[in-house]
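The residues making up each chain are set out below.
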Amino acid sequence: VLILSGVALALVAGFLLGGRPSRLGNARVAWWWVGLAAFAAQMVAVYGAGRGDDGLAIPLIVGSHVALVVVTLLNGHLPGARVFLVGLVMNLACMLSNGGLMPVAPETLAMAGRVEAWKVGAGTAGTRVQGSKDVILPTDQTRLALLSDRYWTGLPGRLGVLFSLGDVLLVAGISTFVLATMTKDLSDAKPREPSPARLAVVPAVWE
Amino acid sequence: MRFLGNNWRCVAAIVSIIAFAISGTAGDPTPW
């Protein structure tokens, strides 16, 4: 939800500033498909075969995060990439130092109202939070607790999500990428067939 | 989809960007 909101806001802002969404399609991102692969791997880990099998879920989750770090390093010149990278490393550091899943404290889950039995079981330490990459761990047993999933948006419904400090940097980094790419042509590719949007007269004030 | 410049590559890019970012987040990997 945080990422969707950040990207949506960046798209709207970029559009209002005279940017072109089509530039996103022309941006050269090395190994861009790794994001889709990582997402697929995490779906398996969280909702598929890895749902009740930590032996499968943890390698998939950690492996996909490591892959994202590598790809972000390869694309370090892109706008927002360094901020995004720091966010990734913060999340990964916290997960690795706590066994491979992101720790969340019982009181944090209670604060956010995530107390349903199907989601948190009995709420005991070491229980995986269903539908997430989290594992329940008391704060005093959590390494790098400051980087864990310990913050709550406090918003109602689907917007009431838990997040980490790393997540904040991820949102900032990806929003920067979207906004900067839309408003400045970073592509070194030859422009393709001109589309009506490309030919649209942009008011001089936006130039 | 005219504002996208009739360019589905752009839509694919946005989907990829969201998948990439969501995969990096700490908790819930689903966007809903």
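Just so it is clear, the model here is predicted, and its values are computed rather than measured. (Residues numbered from 1 in each chain as written. Chains lettered and ligands numbered in written order. Predicted model: local features only at pLDDT ≥ 70, side-chain atom pairs only at ≥ 80, totals over all residues. Heavy atoms only, no water.)

Another aspect to go through is the layout of surface pockets. Of the voids in this model, the second largest pocket is the one considered here, and its volume is about 450 Å³. Residue lining of the second largest pocket: 23 residues in total, with Val29, Trp32, Leu78 and Phe177 of chain A together with Ile17 of chain B positioned closest to the centre. Among the secondary structure elements, those contributing two or more residues to the lining of the second largest pocket are helix 2 (22-26), helix 4 (54-74), helix 5 (81-96) and helix 8 (165-183) of chain A together with helix 1 (8-24) of chain B. Looking at which element gives the most residues to the lining of the second largest pocket, the answer is helix 1 of chain B, with 6 residues. Counted by class, the lining of the second largest pocket contains 15 nonpolar, 6 polar and 2 charged residues. (1 Å grid on protein atoms, 1.4 Å probe; cavity = no way out; pocket = protein on both sides within 12 Å on 5 of 7 lines; lining within 4 Å. Points joined across faces, edges and corners; volume = space filled by probe spheres on them. Helix = DSSP H or I, 4+ residues; strand = E, 2+ residues; numbered from the N terminus. Nonpolar A, V, L, I, M, F, W, Y, C, P; charged D, E, K, R; others polar.)

Take the confidence of the model for chain A next. Detailed reading of the predicted coordinates is not advisable wherever pLDDT falls low. Residue and element names in this part refer to chain A. In the predicted model, chain A carries a mean pLDDT of 89, and the fraction of residues at 70 or more is 89%. Least confident of the elements in chain A is helix 9 (residues 196-199), whose mean pLDDT is 48; most confident is helix 5, at 98. Note that pLDDT drops below 50 for residues 186-191; the model gives that stretch 5 contacts with residues more than four away or on any other chain. (pLDDT = per-residue confidence, 0-100. Contact = heavy atoms within 4.5 Å.)

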